[in-house]
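Geometric and topological summary
One letter stands for each residue in the lines below.
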Amino acid sequence: MASESYGYMAPIKAALESSLAFLTKSFSRFSAVRFNSVSAGLLKTSASAGIPGYVDSYLYAEKVIPRHRAVETDEVASTAAFLLSPRSSGITAQSIVVDAGMSINYFDADVISAVSAADVD
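Calculation notes
- Residues numbered from 1 in each chain as written.
- Predicted model: local features only at pLDDT ≥ 70, side-chain atom pairs only at ≥ 80, totals over all residues.
- Heavy atoms only, no water.
- Helix = DSSP H or I, 4+ residues; strand = E, 2+ residues; numbered from the N terminus.
- Rg over C-alpha atoms; globule rule 2.2 N^0.38 Å.
- Buried < 20%, exposed > 50% of the residue type's maximum accessible area, 1.4 Å probe, protein only.
- Patch = residues over 30% accessible without salt bridge, like charges linked within 9 Å, V, L, I, M, F, W, Y side chains within 5 Å.
- Areas by Shrake-Rupley, 256 points an atom, 1.4 Å probe, with all protein chains shown as cover.
- Salt bridge = Lys/Arg side-chain N within 4 Å of Asp/Glu carboxyl O.
- Expected span 1.5 Å × (residues − 1).
- Bend = angle between axes of the 7 residues up to and from the residue.
- Contact = heavy atoms within 4.5 Å.

**A word on the overall build of the protein**
Across its full length, the protein holds four helices and two strands. When the helices and strands of the protein are listed from N to C terminus, the series reads α-β-α-α-β-α. Taking 2.2 N^0.38 as the reference for a compact globule, 121 residues should give roughly 14 Å; the C-alpha atoms of the protein span a radius of gyration of 17 Å, well beyond that estimate. Projected onto its principal axes, the C-alpha positions of the protein cover 65 × 30 × 25 Å. Relative to its 121 residues, the protein shows a buried fraction of 23%.

Given below as structure tokens:
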């Protein structure tokens, strides 16, 4: 997800994505180490509160997430715990998105209607 308020985090996350393939290929030559990442949706944390415009983005996310509730830190942590467990042994060089479905719903009809109505006013 790219956002104007996201600043330098967008290219850093893009670098993380490409690093998964590089690290997996490099380390697989001599070890069984796996590399994966968890791509979390917007989280309500004290660190995120310092990002300009984050609260508005968070509130928007809650409107477009199908369950109308943002992803929680324990949900992201559970995904990380799964990736560290033997149950994920077949997963490598992957970024697992944990966003409560936000990425499939950016163009939610209610949000589009609200924005369209605001443009008319």
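**Structural notes on a nonpolar patch on the surface**
A cluster of nonpolar side chains, namely Tyr-60, Tyr-106, Phe-107 and Ile-112, defines an oily patch on the protein surface of about 420 Å² accessible area. Residue placement: Phe-107 occurs in the loop between strand E2 (94-98) and helix H4 (109-120).

**Re helix H1 (residues 9-28)**
In this model H1 runs 28 Å from its N-terminal to its C-terminal C-alpha over 20 residues, within 8% of the 28 Å that 1.5 Å per residue would give. The sharpest bend along H1 comes to roughly 30°, located at Ser-19. For H1, the elements touching its buried residues are strand E1 (36-40) and E2.

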